[in-house]
Each structure stands twice: as C-alpha cells, then as structure tokens.
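A closer look at the structure
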Amino acid sequence: MVDQVAKTFSELVELKFQLYNSLFLTLPLDAVEQTGTLLPLLSEACTQGLERGMSPAEIVQKFFEVHRPRFNEKEQIQFLFKVIQYVERQVVLVDALEDASYSRIHRVAGKGSLVQLMERARDNDLNEPLGDLLENFGVRVVLTAHPTQFYTGPVLAIISDLTDALQHDEVGTARDLLQQLGNTPFFQKEKPTPYDEAVLLTWYLGNIFYPGIGDIVDKLAEFHPEKVTANQELISIGFWPGGDRDGNPFVTTETTLRVAAKLRYTIVSCYHQNIRALKRRLSFRDIYKRLEALELSLHQELSEAIVDEPLSLAHFLRELDEIETVLVEKHQGLYREQLQSFRRKLMLFGFHFASLDIRQDSRIIAAALTSVATKMPGLLPDDFDALDDAGKIDCLLQIRGQVNPQDFDDPVLQDTLASFGVIRHIQALNGARAAHRYIISNCRGPVDIARVHALFRLCGWNDEALTVDIVPLFETVDDLCGAGEAMSTIYSHPVYQAHLQQRRSRQTVMLGFSDGTKDGGYLMANWSIYRAKEDLTRVSRAAGVEVLFFDGRGGPPARGGGDTYLFYAALGRKIESNQIQMTVQGQTISTLYGIKAAAVHNMSQLLTAGLENNLYERPERELDAVQRELLMTLAESSYKSYDAFKKHPLFLPYLEEMSTLKYYAMTNIGSRPAKRGAGSRLAFEDLRAIPFVGAWSQLKQNVPGFYGLGTALKEQEDAGNWEACVALYQRSRFFRALISNSMQSMKKTNFELTRYMEKDPRFGAFWTTLHEEYQLSRAMVLRISGQKWLLEDNHRSRMSIELRERVVLPLLTVQQYALMRIQQARHSGETETLELYEKMVMRSLFGNINASRNSA
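This text gives an overview of the structure that appears in the document. (Residues numbered from 1 in each chain as written. Predicted model: local features only at pLDDT ≥ 70, side-chain atom pairs only at ≥ 80, totals over all residues. Heavy atoms only, no water.)

Topic: the overall build of the protein chain
What counts is decided by this rule: Secondary structure elements are taken from DSSP: a helix is a run of H or I of four residues or more, a strand is a run of E of two residues or more, and numbering for both begins at the N terminus. Both definitions apply: the radius of gyration is a C-alpha atom measure, and the globule rule equals 2.2 Å times residues to the power 0.38. Classification of residues uses two cut-offs on accessible area relative to the type maximum, computed with a 1.4 Å probe and protein chains only: under 20% is buried, over 50% is exposed, and between them is partly exposed. The contact definition used throughout considers only heavy atoms, calling two residues in contact when any of these lie within 4.5 Å.
Summing up its helical and strand segments, the protein chain has 36 helices and nine strands in all. Its C-alpha atoms give the protein chain a radius of gyration of 28 Å, near enough to 29 Å, the size a compact globule of 856 residues would have. The principal-axis extent of the C-alpha atoms belonging to the protein chain is close to 80 × 70 × 60 Å. Within the protein chain, buried positions represent 62% of all 856 residues. Counting only contacts in the protein chain whose residues sit at least 6 apart along the sequence, the fraction spanning at least 24 positions is 82%.

So, the nonpolar core
Condition: To form a nonpolar core, buried Ala, Val, Leu, Ile, Met, Phe, Trp, Tyr and Cys residues must be joined to one another through side-chain atoms within 4.5 Å.
Counting residues in hydrophobic clusters, the biggest one holds 274 residues, and the most contacted among them are Phe-239, Tyr-438, Phe-456, Tyr-654 and Trp-696. Once residues lying within four places of it in the same chain are set aside, the contact partners of Phe-456 are Phe-420, Ile-423, Tyr-438, Trp-461, Asn-462, Leu-466, Val-468 and Ile-470. Judged by nonpolar contacts, the second largest core, of seven residues, contains Val-142, Trp-240, Leu-473 and Phe-550.

Re the pairing of strand S5 (residues 437–441)
In the case of a regular strand, side chains alternate between the two sheet surfaces. Keep this limit in mind: Two strands pair under a simple rule: DSSP has to find at least two bridges between them.
Taking burial as the measure, the five residues of S5 include five buried ones, the bulk of the element. Here S5 shows no split at all, with Arg-437, Ile-439 and Ser-441 on one side and Tyr-438 and Ile-440 on the other all buried. Pairing geometry for strand S4 (residues 358–361) and S5, over four bridges, is parallel. Looking at the pairing, Ile-358 lines up with Tyr-438 of S5.

Comments concerning the environment of Gly-401
Within the secondary structure, Gly-401 sits in the loop between helix H17 (389–397) and helix H18 (411–430). Residue classification places Gly-401 among the partly exposed residues on the basis of a relative accessible area of 26%. Separated by 198 residues in the primary sequence, Gly-401 and Ala-599 place their C-alpha atoms 46 Å from one another. When near neighbours in sequence (up to four residues on either side) are disregarded, Gly-401 contacts Arg-457, Leu-458 and Asn-462.

Any functional reading would require information beyond the geometric quantities listed.
Here you go:
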C-alpha cells in the first residue's frame, strides 16, 4: 500500500508536472519569455549553490555572471520579478495536478472513511448506538477571513478549469489555460474590504460546501435516515468575515448586515438551482405546480421583487412534506431520494447558509462598558473596581438599562455597542441560527463573560430571552490553565444558569491554538489546551452543562493545523466530544475545501474522528498518571526553552530586520492590519499569529512548529527516561499526533537558505541557536518514532512537500537576495533601489504561501 501511494503520486503529479511545466516553458508569454529558458538553470544554481554554502546574493550574482553578464541592475531586477511571476504559476500547476488526482492520492475510502465506520459499526452490532450519536453529534467548520490567500476571482476560476482539464488529460485545453494564467494578474493593487473577503468565501459555500455536505448527509441517511434528517447541526458552517471585529477597524455593523444579506442570497440561489433540477424529474402535474410556486418565491427574492410575505423555512418544509406524501401515494415514490436530499439541505442551511459569528477583544469590551457606565451614573457601584470577581459578576449580571450607540463619538466604541443589536436584527431576517455567538477574544476570566451579558441587556435585549451563546476564547498559557475555574465560577451564578437553560444547557468555549503556540511554544500550547479541555469538561459535567469546544486553528502545526484527524481521534473520554468545531482560514480553505472531493473527504474525517471517539473504547486514547506526568515534564521543559528564546533581546529585532514580517501588511491579501495596536513600536503581545508564524515560514525556519521539543526530549534522555518517552509515543495517540504534525513543520524547513546569517555580526549567534534546536528536534523525533527520515510513514505528504519545495526554491532565493540588498541600500541611502527590492520581497510572499498550502 505504501509503495502504491508513492507510485501513484509520482505518476499523477510529479511526472505530469514535468510534462506540463515543459509545455509552460515554451509558451509565448511576454512575462515569462526569458524565464522559460533560464528558470531551470536558476533552479539548479540555487540547489547547487546552497549545497556549497553560498549565500543567496552569491548565487544570484554568479547566475547573472554566467548567463546574463551584460544585464545592468535594472535588467536584473526585471528578470527577478519575472522569476517570481513564473514560480507563482508553477505553484498553481502543482495545486491543480494534486486536486485533479485527489481521490487517487488520498485514501478517501481507507482510514478515517465515514462509510468504513458505518460498515464497521454494523458488523460490531453498534448500529443503534451510532444512530443515537448521529441524533446529537455535530461538526462545524468555521471559515475565517483570507489573510493568507491571495488568488483573485479570475485566477480561482482558471485553477478550477485547469483542474478539470488535467483530470481528463485535455492537453490542448490545459495549454491554453496555462497561457491565460500567464497573462492574468495575481496581485491585488488595492487591499480587500471585509465584504470583499466574504464574497470570495461565498464561492466556496455555493460551489463546494452546498453539494459536498449534501453528499455526506445523503450517504449517512442511507444508514440512519430519521436520526440524520432530524439533526440540524450535523454539519454546519460558521463564518467570520464581516463579523470578526477583533483588531479590524474596517468591520462595521453595516458590513455585518451586508454579509448576512449576501449569505442569504447565496443559499437562496442554491435552493433556486436545486428546485429547478427537481422540476426536471418531478414532472407530475400535481407536484410540478407546487415546485413551480416554490421556485417563483425564490426567484422573487433573488430579483428583489416586492412580496406580501418573506420566505419562510417552515412553509418550505411543510410544502416539501406534502409533496413527498403525494409522490409516495400517487407516483410510486419515484425520485423520492432527490426530494429528501433537498429537504435535508433546507434543514441544515435554513435561510442563513452559514452562522455569522461576532468577535471582539475583551479589552475593547471592557472599555465599552466603562464608557457606558460613565455616561449612565449609578449603572455600576462606585466601588466596582475594588470588588472581587464574584462581586463584579453579580453586579454585571443584574444590569438593566438602555444604551443608544449613537450617543458615543468613538467609532470603535459605537460599533462595539451596535454589534449587540445587529445580532437580533440578523436573527429576525435570516433565523436564529444566522448569528447566535458572541466570541470574546483574549478572555481573561468570568468577569469578561459577565460584561458581554451586561452589554446585551443594555443594547436592546432587555429582559427577553437571550438567543445568543457567549463564547469565551482562552488563548494564553495562563488563561488556558485557569479556564476550568473561570467557567466554574460563572456557572455558579443563578442568572447565568438561567441563561444556559435557555440555550439547551450548552456552553461553547473557544481555545486558541495560534496565540497559545505564540505564547507558550508548540508542545506546551497543545498540552495546555488538552488539559484545559479536560478541566472544562469536568467542571461543566459537574454543573450539568454540556461544553462544546471550538478550536481556533490555523493552517500549520504551529497554529493548530496539520493532520486534524489525528488530533481529534486522539481525544480521551475525559474530553467532551459531541461536537467538533474548528476554524479554517487562508490558503488552508482552498487546500482542504477547494474542490468537492477534498471537502467531502476532510469533513468526513472530522465526523469519523468524533463518532469513533464516542463509539469505541480505545486504551491508546487515554492517558494514565505516569504518561500525564511525563507529558507535563516535557511541556514544562519545552516551555522553559521557548520562553527564554522569545525573551531573547534579539528575538523581535531578528524578525523585524531579517524576516518578511513587516511586508505582510503591504501584500493587500487581507483587510485586517498585521498587528494589534496603533503604535509604531513592535511589541510581542501585539503580533498577530498569522504574520508571526508566516514570517518564520518564509525564512524556511518554521520555529514555532518545533522549538523546545528537541530540548525537552533530550533532557529526558539525559535523565535516563528515554524508554519512557518511546513508550509514550507508542501508546499515546495524542503524543504521536504532536510528533507527526511537528515533523510536517520540520519537513518544510531549510536552514541552508539562511546559513549566510551565521556570519552576521549581530544575529549570527542567534541564528545558530535556532539551527541547533532544529537539528536536535529533528534528530529526537526521528529517533523516538523509529523513522529514517521525516514523514517516512506518510509518502503522499512527504512527496508533495518535496515537490513544492523544489519548485519554490528559486523564489525563496530571490526573496533572501532582495532582503540582503535592502540592508545594503539602507546603509548606502539608495532610496529608489530600496523601494524596488522591498516590492520584490512583498511580491515573493505569495508563491511561498501557496506552495506551503498551510504556511500561516
């Protein structure tokens, strides 16, 4: 099987890349005319040069001396920009080839397969327990904004068509599309608005998620029709663009309402197409006219016609039920499955399609309440700040009053207050599921939760039922450690108890992998989140509350990404797992959900992992006392190493001066600023996780994905505990998942690219520290896993990374060369040259981001 996976990938991706890349080299494109001949030579020069210890500057200069000796600097710069453009398109070709062969290079019917689980449950006499699980289980994939995705709409369309052409071996069509791609701009000259980001994501909703989720649910309904049909949250979509205000001043209540309207328009369009397809089959007179009436009501909304009554989900469901009765009684139930499939989609998506989450930072929320209290004397007692947490919570949960956001001048304050009322407005338009969560970023404890409850009461909700879930987001290591106690405190208050009873006695808690890793390092962050989930499960069960975990994950392992099936399949019984909720963002959306086959496979794996956890007892998921103590020791040792590293006086200067950190803000990829805070001075706490992790990825150092892991394992070896570490790896799925995902980070690492920094008078010793920890971590994970090379047990992933790293190497070399020339230009005062090379660095980010597929 292993050899077959490697062979399949080699034939369908690697060999075809050589074929189509050769075709691309000969295309008559102005932008790549010279590049087509010279790029392979540059690629070879980069590989050989780095092996010989040459710096990127030496490699590029030697290349020009040999192949274009008469180029002046301006012509050299022009050529290097063409290299960037060409490599960007080569990356697209690799993407399209992998997508075209997705079902054959991934084990879609093997481990993690939903159908396999269904059949296994039937064979093990677990069919009834599985049905009971399906009645209440749920997976929610939450799409966040695209701060690491740069493809424009026209480019995405070309990629989709190119994938189809490659899938059917249509060489002529593929050649024309490659030529079109060469002439189509990738770069956005203007920064997208939050609404632009939302519109881009609605393409995935309508074209991928709507049919993909439908297929999954239809397959499940073959085994458990009644249970599946009744569960409205079996698979759902969350949505952040237009609702996430945390650090993004460009998101306003107007934006939120526009996005909610766009989501409704998108699902109505899907329903309209679905009804038209049904009419082609259900052409019976007594049914056709009823379908025609439903189609007309959808068409009227899409055309914004004035109607007596807005579309009603209840009415649609009632009509479909009556149509199904007629179909069974008079027409032998012909095409009944198609009608039922449409009804299930209505149940899942309603008229909202995706639930729009509202998110704001706890510090902004606290400042808003303080401003309100200042304007409304007597709202809070004079000694409020001196009260303990219990006293503050009691005051806040008793608050009543009415606030008009327009009474405040500050735009952020005004929007923060208005956002509470916007939720109710959206619910009235699109249904209660359309917007029902308020997420508190950087939540420090129960007082922050009580503040949000108070603001809801002040901003339009009064004494009526609060049909919103207040979701704390715990991110730092300290906050994760105190999460259980924080929730126990808020659970104990009768007002909050009453609120939870109205919310089916369920509490959603979000845990931040991204900022957790930035704060505590890879191993400590993951272990802290694991323990936090256990603590939160314990206190919630004791309070009679079902806790739902919402994981804030990014693309790479350093931000909670990697193989999520491995992670969720490793959770023990002490962690509530009736729901799996996670964010997906950036190029990870197009990687995991860019085509229907990939979306179905990845969502099915999430379902399988959660259902397996609840259905089967597996000792390797449970941690005993000895294993816990060892994991704690490893995490603390790793944290100590990482904490000393991030407190190094050169840590921030290194990122500012030697990496691409500051250039993320120049890319026009996303609407959100690259850092929190308005000050010009860079502070660690203001660093956003995406540019932070992304800067390390561009350097090909990927430090957040492994730093401290090698040191922790080495300390255990020196203490004589190595066999215990090996036993932990062999017996714990959780620990194996951590090691495997860290391997992915290290596989994408190439310190030879920046070896020239070793000689830098200021940063040389710092670079050496990073390199030594990488070498140690690599050696230790290989030894503990028994593998000869990284990802030896995952041929497809390893081969994909190796191909992409080869393709992108010239671009990375050009990027490092430009960074070196920037430093020279600054010292010599060459302003024009400086601007050109800074633009080159910025342009070079895109190709590497997409080549990595989950770089940030």
